Each structure stands twice: as C-alpha cells, then as structure tokens.
Amino acid sequence: MADTKREIERKYESEDGALPDLTGVPGVDSVLDKGVAHLDATYYDTAGELLAAASVTLRRRTGGSDAGWHLKFPVAPGVRDEIHAPLSDTVPESLARLVRSRVRDAELRPVVRLRSDRDVRHLVDADGRLLAEVSADAVHAQRLADGGGTAEWTEIEVELADGGDPAFLDKVEKRLRKAGIRPSKSASKLARALAQTAPAAGHPSASDRAPDRAPAPASAPAEAPKRTKKKQSEKQTKKKRTKQSAGTPVTAGDHVLAYVRAQRDALVELDPAVRQDVPDSVHRMRVATRRLRSTFRTFRGVLDRAATDPLATDLKWLAAELGRDRDREVLAARLTTAVEELPRTLVHGPVADRLRTWAEAGHRGAHARLTGVLDSHRYLALLDALDVLLADPPLRTKAGAKPRKVLAKAVRKDLDKVSALVSRALELPPGQDRDVTLHEARKKTKRTRYAAEAAAPVLGDPATGLVTAMKDLQGLLGDHQDSVMARGTLRELSAVAHAAGESAFTYGLLYGREERRAEIAEAALPETWASIGEDVRP
C-alpha cells in the first residue's frame with residue numbers, strides 16, 4: 001500500500017561535504033548528530049529517459065529509515081510529492097500506474113545507481129521539536145546502461161520537517177551562504193548523475209534514446225498559402241526565424257499548437273492525481289479534454305479535421321468517463337448544502353443519510369471504472385495520437401498566416417453561435433425545449449471561452465475580456481443546468497424513499513426550490529447577455 005508526503009528541501013554544492021555550525025540559525029536550540037546512513041538507490045526510467053525529462057524520479061532504495069520504493073513528482077522548485085511503496089524486487093504496480101501516462105508501453109529499467117554515505121544532523125527547537133534534517137552526502141553514481149560511466153561528488157541537503165514553515169529554510173540558507181556554500185546547480189541527485197555520467201558524443205547508445213514527446217512548435221503549413229507576399233525584408237525574415245527557433249509562437253498554427261500542447265501536458269500531468277483520487281483532479285482533467293476538443297472544432301481552418309476528428313471522438317469519450325464521477329460529485333455537494341440549509345422541522349426522514357449513501361456509492365463505482373479507463377488501450381492510444389499530432393501537425397493553409405485575423409475570425413464565429421442559441425432560448429416558453437437550448441448555449445459558451453483563451457496572446461484585452469464574459473455566462477447557464485439535473489436526481493431519490501416507506505416531503509420541497517433557482521437564472525439571462533458588449537468582441 002503506497003503513502004504520500006510533501007517533501008520540501010534544498011540542495012547545496014559542497015567540495016568537502018563538511019557541515020558548518022548551524023546552532024546560530026534563528027530558532028535552532030540544538031543540532032543533534034544522528035550518525036551516518038549508508039544508502040543504495042537504483043533509479044528506474046525508460047530508454048529515452050522520459051521520467052527524467054519530466055523531472056519525475058522512481059527509485060528502489062535500501063538503507064536509512066525509509067527503505068523501499070519512492071516515486072517523486074515535482075510540485076514547485078524545491079517541492080515534490082513523494083509516494084512510498086514497500087520494498088520489493090520489481091517496480092510495484094501501484095507506482096507503475098502513476099507513471100503510465102508518461103511512459104505508456106515503454107519498459108522501466110534500471111538506469112543509474114547511487115550509493116551515498118549520508119552524515120545526518122537534526123535541527124531542533126527549545127522544545128525538542130524537529131525543524132529540519134540536514135545531511136552531508138558523499139555520492140558515488142554509476143550509469144547502468146549506455147557505457148556505464150561513473151561520477152562522484154558531495155552535496156548538502158536540507159529537508160524541512162513535516163508541517164514546518166518553509167521560511168525556516170531561508171534562515172538555514174543564509175547561514176550556509178555565509179560559510180561559502182552555494183545552492184546546487186542540479187535539481188536532484190539523479191539529474192546530476194545523468195549529466196555527469198552521460199555517454200560521450202558519438203557513443204552508439206547516445207543516439208538510441210527515444211526523442212522527447214513534446215517537440216518544438218511547427219510553423220510551416222502543410223498546404224502552400226494561396227496568397228503570399230512577393231518579397232519580405234531580410235530583417236523581418238531573420239526576426240521570424242529567430243522567434244521560431246526559440247519556440248515563440250509566430251503564425252496562427254503556432255498559437256493553436258501551443259494551446260493544444262498545454263492541454264496535452266495537463267492530461268499527462270493530472271493522470272496520477274486522478275488515479276490517487278486527489279480532490280478536483282477529475283474536474284481539471286475533464287476541462288483539459290474539453291479544451292482540446294473545442295480547439296479542434298474551432299480552429300478547423302488551421303488543423304485538418306481529417307486528423308483531428310478521430311481525436312475529438314476519443315476526447316468526447318474520455319470527458320464522458322470523467323464526467324461520471326464529476327457530475328455526481330457536483331450534484332451531491334449542491335443537494336447536501338440545500339438540505340443543511342433547511343430548518344430541521346422541514347427535514348422529514350433520513351434525507352442527508354440517503355444523499356450521502358447515494359454519493360459515496362456512485363463515487364466508489366465511478367472511480368474504480370475511471371482507473372480502468374486510464375489503463376485502457378484506447379486512452380493510452382489517445383495520448384500517443386496527441387503526441388503524433390504535435391510532432392507532425394496536420395496544418396492547413398491558414399496555419400501559416402498571421403494569427404490576428406485567423407484567430408479573431410474563429411472566435412467571432414463561435415460567439416455568433418452562442419448569440420443565436422441564447423436568442424432562441426429567450427423566445428421559447430419555460431420547459432424542456434428551453435432547458436435543452438440553454439444547455440446547448442452553455443456548451444457553446446465554453447467553446448467560445450476556450451477559443452478566446454487560445455487567442456488571448458494575440459488578441460489581447462478583447463479576448464481576455466471575452467474569457468471573463470463567457471465565464472460569467474457559463475456560471476449562470478451552469479447553475480440552470482445543475483438545477484435541471486438536481487430535479488431529476490430528486491425525483492429518483494424520492495421514489496426510492498417512498499418505496500422504503502419514508503416521507504418524500506423534503507424531496508418535494510427541494511424540488512420546488514430548484515425550480516425557483518432555474519427561474520431566477522432564466523430571468524437574469526437577458527441582462528447578463530446584454531452586458532456582453534461589443535468591446536469584448538475580437
């Protein structure tokens with residue numbers, strides 16, 4: 001069974017590995033000598049070092065107080081989430097699953113062995129409470145493939161105690177700097193080991209590694225533009241080439257691909273969090289799938305739909321699977337809050353308990369299913385297909401054009417669809433037809449928002465303003481749709497309660513309140529829509 005902890009630490013360069021006197025650090029009462037630990041860690045990665053490229057480390061370590069398997073994900077500079085699993089001879093399946101979105105079908109193999117003699121000190125306050133652990137590590141690194149290079153160095157590591165104030169690390173660093181010790185240039189021991197034991201240029205294995213799955217943006221369109229300028233100044237050409245070589249978006253295609261790449265990266269990075277059932281991770285992953293699908297639909301003039309339509313189909317499937325859990329989660333929170341706000345005299349029967357049982361049962365089933373989805377061939381093939389699209393994008397003629405005109409036109413087209421649906425809904429009488437039309441308007445509102453997000457680096461304030469306006473409209477339409485869904489759930493729960501001999505009074509009361517919330521949202525729609533003026537129209 002794996003467990004997780006937040007690791008906050010800093011690493012420093014040290015020629016001799018000697019620790020300075022740290023008793024002068026503010027807040028430190030004593031420095032306790034905890035002896036020397038002998039650590040032996042083998043790091044695993046793919047042949048192409050895909051985990052290292054993502055700053056993810058997977059190791060099997062013996063020695064010290066935490067022998068076992070350790071998987072670390074970056075959170076921020078100097079901050080990582082570390083997941084432990086018991087010691088075993090092979091990579092635990094619980095950890096292998098957490099890196100599957102990054103390695104796919106690639107084999108995890110030993111790549112580097114690090115043996116360290118760790119001289120440990122504990123910094124404690126006047127009450128004997130641990131503030132931080134400081135260690136001086138004498139490291140011997142050996143590459144286990146690609147020629148078997150070796151390297152040796154010493155470093156100092158300062159790790160904050162669980163629940164400690166990160167500001168304390170600044171105090172320790174100030175003392176270390178006064179002693180001539182400087183922050184390490186490498187983010188981790190593994191990164192340094194890989195760099196210092198890398199095969200020499202020309203070594204056969206140096207060219208065998210798999211390429212990075214995130215290539216630089218491609219700017220050249222697949223189709224030749226219908227109209228091109230006869231001549232471009234040498235200065236403009238040089239400037240454009242410089243930006244392209246640096247990965248800076250230049251053309252319409254560059255900007256669309258940059259947005260697609262960001263969403264692909266979000267899917268990959270959120271995968272472990274969804275598997276671990278981290279709060280809000282399912283919602284964020286679902287949003288990334290929707291952003292991708294919307295981008296493919298909105299910018300069909302930039303990316304060939306023959307290539308993107310199959311991806312859009314799989315993204316719709318993935319969003320639906322993610323939504324099985326998310327939709328129930330949202331409804332459960334909404335209805336639970338509504339029950340809690342009722343006077344006790346209006347709550348007849350075990351309404352709260354029945355809601356809780358409904359929510360928990362649905363969550364358990366949905367999460368188990370979702371984990372299976374993330375292990376499925378279809379999902380992994382979708383990630384591979386997104387990589388292929390970014391490596392060799394199916395660009396159309398407009399992809400090579402200047403971005404302002406192309407992106408603005410696409411955003412306006414989406415906004416016009418929202419306008420047509422809102423106008424139609426306002427003309428319909430209250431009822432199912434209006435509910436369906438408002439739901440369609442909500443979906444088009446999201447698409448317009450995502451299109452404006454992608455175009456914001458080019459269009460500036462109008463696009464940013466449109467994003468804000470679409471968020472507001474989306475919130476209103478979302479509340480209306482949640483009311484529609486809540487009423488359906490209340491009908492089901494009341495039927496179950498009635499069959500069990502319980503009172504259905506409270507469910508009917510909540511139903512009526514949800515009807516009222518929908519009426520309020522519909523009444524506010526004309527004013528909200530009218531407030532979206534021409535100043536936010538790209």
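All chains use their own residue numbering, which begins from 1 and follows the written sequence. Reporting in this predicted model follows two pLDDT cut-offs: at least 70 for local features of residues, and 80 or more for side-chain atom pairs to be given and counted; totals over whole chains, interfaces and linings ignore these cut-offs and use all residues. Excluding hydrogens and water, the side-chain figures rest on all heavy atoms present in the structure.

1. Structural notes on the environment of Val124
Here a strand is any run of E in DSSP of at least two residues, a helix any run of H or I of at least four, and the numbering for each starts at the N terminus. Here Val124 shows up in strand S6 (residues 109–124). Note: C-alpha distance between Val124 and Asp29 (95 residues apart in sequence) is 6.0 Å. Note on contacts: a residue pair is in contact if any heavy atoms of the two residues lie within 4.5 Å. In this view, Val124 contacts Gly27, Val28, Asp29, Ser30, Leu32, Arg129, Leu130 and Leu131; residues no more than four positions away in its chain are not counted.

2. Concerning unusual backbone geometry
Excluding glycine, residues mostly carry a negative phi; peptide bonds, for their part, are mostly trans. Positioned with a positive phi, Arg104 is a non-glycine residue whose angle comes to about 55 degrees. For Arg104, a relative accessible area of 6% puts it in the buried group. The backbone phi angle of Asp277 is positive, close to 65 degrees, even though this residue is not glycine. With respect to the secondary-structure elements, Asp277 resides in the loop between helix H7 (252–275) and helix H8 (281–298). Each residue gets one of three labels from its accessible area relative to the maximum for its type: buried under 20%, exposed over 50%, partly exposed in between, using a 1.4 Å probe on protein chains only.

3. Some details on the side chain of Thr445
As for its placement among the helices and strands, Thr445 is situated in helix H13 (residues 432–459). Beyond its immediate stretch of four places on either side in the chain, Thr445 contacts Val418, Met470, Leu473, Gln474 and Leu477.

4. Some words on the pattern of salt bridges
By convention in these notes, a salt bridge is any Lys or Arg side-chain nitrogen within 4 Å of a carboxyl oxygen on Asp or Glu. Evaluation of the coordinates by the stated rule reveals 52 salt bridges. Lys11 is paired through a salt bridge with Glu155; the nearest N and O atoms lie 3.7 Å apart. Taken together, the residues Lys11 in strand S1 (residues 3–13) and Glu155 in strand S8 (residues 150–160) connect sequence positions 144 residues apart. The two residues Lys11 and Glu155 agree in class, both being buried. Note that Arg334 is salt-bridged to Asp479, the shortest N-O span being 3.0 Å. Here Asp479 lies in helix H14 (residues 461–499) and Arg334 lies in helix H9 (residues 305–340), a separation of 145 residues in the sequence. Using a relative accessible area of 23% as the deciding quantity, one classes Asp479 as partly exposed. Among the charged side chains, a network of salt bridges with common partners joins Glu7, Glu9, Lys11, Lys72, Arg80, Glu82, Arg118, Asp137, Glu155, Glu157 and Lys189.

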